[in-house]
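# Summary of the model geometry
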Amino acid sequence: AEFVKQFFNEKKFYLKTVDIKKLAKKSQKGLEETGRSARYKFFDQLAKKYKAKYILTAHHADDNLETVILNFVRGASLSGLSGMQEKEDNLLRPLLSFSKNQIINYLKFKKIQYLTDETNLDTTYKRNFIRHEIIPKLKKINPSITETTARNSQNLRQINAHLKQTAQKWLKLQKPAKLDARSFRQKPEVLQKIILLEAYKNRTKNTTNIESKHLDEVLKIINQNIGNKKKRLGKLTIFVKN
């Protein structure tokens, strides 16, 4: 924090300290997830204060690789396997197509000082464990895995965008909070999952912690064609009536 403060000569520098451990315990969420939420909440507050159109982050291709691996292990949906997006609402990630090595080489070439946060070396955090233990082993199989994953992520994002568009078109034909089960069952299962995710997002504004297994459980009840059943999906309860 002090390094960044001096780098910008204390102009337009804002610092907020949050007790993440206490906050995580209160919200019953992980440290990494809680920290991320706290950071973006702070960014949003600053963006609104200064009427900023976008929030820029320094996420790069290696961050995306870590995210894809982490989401894959957790059993994420297609959206999670697509990795990070360069533009997401008011969030921009302009460095997402560049690798960490490319960025560091540029900094060295331009003789720009940089620091490494010591917490990035702590492998008790899942992301750091993947970064320091898993990825180096994967690079022995495919030295270009960062670039390969970036291309795969782009392909999956395009597929996911098409499915989302199709799902939203179908949802617009439905009554609020009431979906036509008969019409829904006629859709391919991959589209059914996207419809559920988009419907959930329309109601709750996000799909955090909704995994593929949760969608499978709900789809099993819907597609069994048995009425008067209910299943919990995140913050919502799904009622199935014939």
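This write-up is about the structure you can find in this document. No experiment lies behind these values; they were computed from the predicted model shown.

### Things to note about the overall build of the protein
- Within the protein, the secondary structure is distributed over 11 helices and five strands.
- Its C-alpha atoms put the protein at 65 × 45 × 35 Å along the principal axes.
- Considering the protein as a whole, with its 242 residues, one finds that 29% of them fall into the buried category.
- Pairs at least 24 residues apart make up 56% of the contacts formed inside the protein by residues separated by at least 6 positions.
- For the protein, the accessible area works out to roughly 17300 Å², and carbon and sulfur atoms hold 53% of it.
- Between the centroid of the 51 positive side chains of the protein and the centroid of its 23 negative side chains there is a distance of 7 Å.

### Some words on the nonpolar core
- Phe184, Ile195, Leu196 and Leu233 are the most contacted members of the largest nonpolar core, which has 21 residues in total.
- Taken together, the elements giving at least two residues each to this core come down to helix H8 (145–172), helix H10 (189–204), helix H11 (212–223) and strand E5 (236–240).
- For this core, the element with the highest residue contribution is H10, accounting for seven residues.
- Discounting residues that sit within four places of it in the chain, Leu233 has contacts with Tyr200, Ile210, His214, Leu215, Val218 and Ile238.

### Some details on the pairing of E5
- Here five bridges tie strand E4 (residues 229–233) to E5, and the two strands are oriented antiparallel to one another. By the bridge assignment, Arg232 is partnered in E5 with Thr237.
- Hairpin connection of E4 to E5: two residues between the antiparallel strands, including Gly234 at a positive phi of 60 degrees.

Cut-offs used in this document
Residues numbered from 1 in each chain as written. Predicted model: local features only at pLDDT ≥ 70, side-chain atom pairs only at ≥ 80, totals over all residues. Heavy atoms only, no water. Helix = DSSP H or I, 4+ residues; strand = E, 2+ residues; numbered from the N terminus. Buried < 20%, exposed > 50% of the residue type's maximum accessible area, 1.4 Å probe, protein only. Contact = heavy atoms within 4.5 Å. Areas by Shrake-Rupley, 256 points an atom, 1.4 Å probe, with all protein chains shown as cover. Lys, Arg positive; Asp, Glu negative; His and termini not counted. Charge placed at Lys NZ, Arg CZ, Asp CG, Glu CD. Core = buried A, V, L, I, M, F, W, Y, C linked by side-chain atoms within 4.5 Å. Pairing = 2+ DSSP bridges.

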